[in-house]
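Chain residues, written in single-letter form:
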Amino acid sequence: MALVLGASVTAGICILHVAVAPLLFRYSKTFRRNLVFANIAKWPLNVDFDEPSTFVDGARNFNIEYQSKVDNCKIKIGVWHILPKSLYEKNKGYFEYETDKEKLSALLDCELAKSKLPIIVYCHGNSNTRAAAHRVVLYKFFQKMDFHTIAFDYRGYADSTNVLPTEAGVVEDSLVVYDWLNTTVGKADTKPPVFVWGHSLGTGISSHLVGNLQRLSKQVLGRSEPLPPPNGLILEAPFSNLADEVGYHPLAKLVRWLPYFDATFVSPFRACAEHEFRSDAHLALAPATPVLILHAMDDVIVPHCVGKKLYEAVVASRGAGDAPITFHSYPKQDRLGHKDICRAKDLAQVVGDFVKSHR
């Protein structure tokens, strides 16, 4: 009986690998989209996004609402603005005592507009929300570095409008947040340095945004003049494009031997506008933007080799007078994996030098 049961389980697994999984990858856009965005995962549970101080000091929550051209509907984006350490200490009293949220928001808009401190626009990866633990650790790192942080959730995530995400949709959300920020700081005589930071899937989103900022500003926002590019782009655990990420993913070893592996598992990510995330092609369009890539060699979610492949593609696309691109690897013995570069001992030095060089 046990032998029969074991044979049945083995046969079931074999059928799953050989037939079911390839068919799902090849023909189901819904399956692929859920796999890519994983927005159904909303950990931690029961978050009151209106009270970000539960997670990090000196933070406020607000919403940006606009009419989406991608999905032809109204979209609300949930955003946290986290103050740099020095400005939090200056305004600590407003957070410690009951302060009208509208007055606090106006005060922090003013602090943001007149600040000369660096601002980080953070594009998170797939699954969960802006309140995820490893993201909060990174916000605290930014705060300690005396940076402003703008962290937000794309459509379909957290308290943002529950619309199925696509590449065009989440890029549009990022563009609107970036537009809001530039409008806010544009009121000052001297604009503070702005850096875009993407992690994992967020590297594909931020690369698409930065590489196509001129076109998106005109076609999506209707601006006669494009938004200014960021001072730099920081990519944490990036991939060259989503097809490479799928092809080199450790789990692909289970099915790479199939003669139709490329046609069923990889090819659908090359030819689907809903989730191609061709960072290598997008960044080739932004030769004037400095790029810093951070990648751990023990990353099993986005293998180090696809981050290196992105670096090599961008280097090949740039000329002698273009902005620099730097690749910073973390050895396996550091055990930083996919989510813990935020805990790297030299991160403050590496990021600080990059920001100082391009502010």
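In what follows, the structure referred to is the one given above.
Calculation notes
The numbers attached to residues start from 1 for each chain and follow its sequence in the written order. For a predicted model such as this one, the threshold for reporting local features is a pLDDT of at least 70, and the threshold for listing and counting side-chain atom pairs is 80 or more; totals across whole chains, interfaces and linings nevertheless cover every residue. The basis for every side-chain value is the complete set of heavy atoms in the structure, and neither hydrogens nor water enter the calculation. Strands here mean DSSP runs of E at least two residues long; helices mean DSSP runs of H or I at least four residues long; both are numbered from the N terminus. Buried means the residue's accessible area, taken with a 1.4 Å probe over protein chains only, is under 20% of the maximum for its type, while exposed means over 50%, and partly exposed covers the values in between. Contacts were defined at the residue level, with two residues in contact if any of their heavy atoms lie within 4.5 Å. For two strands to count as paired, DSSP must find a minimum of two bridges between them. Planes of paired rings set the category: under 30 degrees apart is stacked, over 60 is edge-to-face and the rest tilted, where pairs are Phe, Tyr or Trp rings (Trp by its six-membered ring) whose centres lie within 6.5 Å.

Another point: unusual backbone geometry. The omega torsion across W43 and P44 is 0°, close enough to zero to call that bond cis. Counting through the fold element by element, P44 comes out in the loop between α2 (29-37) and β1 (59-68). Its identity as a non-glycine residue notwithstanding, A237 has a phi of 60°, on the positive side. Take A237: it is sitting in the loop between β6 (232-236) and α10 (242-248).

All right, on to the environment of V306 then. Structurally, the position occupied by V306 is in helix α13 (residues 304-317). Residue V306 is classed as buried on the basis of its relative accessible area, which comes to 0%. Spatially, the C-alpha atoms of V306 and Y248 are 7.4 Å apart, while their sequence positions differ by 58 residues. Non-local contacts of V306, meaning those with residues more than four positions away in its chain, are made with P238, F239, S240, D244, E245 and Y248.

Where burial is concerned, most of β6 is hidden: 5 out of the 5 residues are buried. Burial along β6 is two-sided: G232, I234 and E236 and L233 and L235, pointing in opposite directions, are all buried. Sheet analysis places strand β5 (residues 194-199) next to β6, joined by 5 bridges and oriented parallel. Across the sheet, F195 pairs through a bridge with G232, a residue of β6. Examined bridge by bridge, β6 and strand β7 (residues 291-296) share 4 bridges and lie parallel to one another. Residue pairing in the sheet places L233 in a bridge with V291 of β7.

Our next topic: the packing of aromatic side chains. The full count for this structure, using the stated rule, is 13 aromatic pairs. A centroid spacing of 5.4 Å and a plane angle of 85° characterise the contact between F152 and Y154, whose relative ring orientation is edge-to-face. The same class applies to F152 and to Y154, which are both buried. Taken together through their ring pairs, the aromatic side chains of F49, F55, W80, Y122 and Y139 make up a single cluster.

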